[in-house]
Amino acid sequence: MQTSYANVINVLSTREEFSLFFGTNQTWNLAEAPGLEVKLGNRVLLTPYAAKRLQLLLTDRLAEYEKRFGPFNLTA
């Protein structure tokens, strides 16, 4: 197994599959940078059924996390 770190994610989908793109932010100073630079590291392809299972698992794990550490706000 290989481990990778990501702090940026994007998701694209078609009828047949979901594509999850994982990367790391390369922009150190957003105030001075002309835009956000992301180094893409991994792409994971899922069937719609596997994507739905992932959604259910993440929803459950996030609820456990917030119960333990408190809620947090995420801005898109």
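Computed from a predicted structure; not experimentally measured.

Participant: What exactly am I supposed to notice about the layout of surface pockets here?
Facilitator: Unoccupied space between atoms shows up once a probe the size of one water molecule is rolled over them. Of the pockets and cavities examined, the largest pocket occupies roughly 490 Å³. Along its surface, the largest pocket is lined by 16 residues, and I9, V11, L58, L62 and L74 are the ones closest to its centre. Mapped onto the lining of the largest pocket, the elements with two or more residues apiece are β1 (8-13), β2 (18-25) and α1 (48-69). The element that contributes the greatest number of residues to the lining of the largest pocket is α1, accounting for six residues. Taken together, the residues that form the lining of the largest pocket break down as 13 nonpolar, three polar and no charged.

Participant: Explain the side chain of T27 here, please?
Facilitator: Turning to its location among the elements, T27 is positioned in the loop between β2 and β3 (38-46). Under the relative-accessibility criterion, T27 is labelled buried at 11%. At 2.7 Å, the side chain of T27 and the backbone nitrogen of E37 are in polar contact.

Cut-offs used in this document
- Residues numbered from 1 in each chain as written.
- Predicted model: local features only at pLDDT ≥ 70, side-chain atom pairs only at ≥ 80, totals over all residues.
- Heavy atoms only, no water.
- 1 Å grid on protein atoms, 1.4 Å probe; cavity = no way out; pocket = protein on both sides within 12 Å on 5 of 7 lines; lining within 4 Å.
- Points joined across faces, edges and corners; volume = space filled by probe spheres on them.
- Helix = DSSP H or I, 4+ residues; strand = E, 2+ residues; numbered from the N terminus.
- Nonpolar A, V, L, I, M, F, W, Y, C, P; charged D, E, K, R; others polar.
- Buried < 20%, exposed > 50% of the residue type's maximum accessible area, 1.4 Å probe, protein only.
- Polar contact = N/O pair within 3.5 Å; in protein donor to acceptor, adjacent residues only side chain to side chain.

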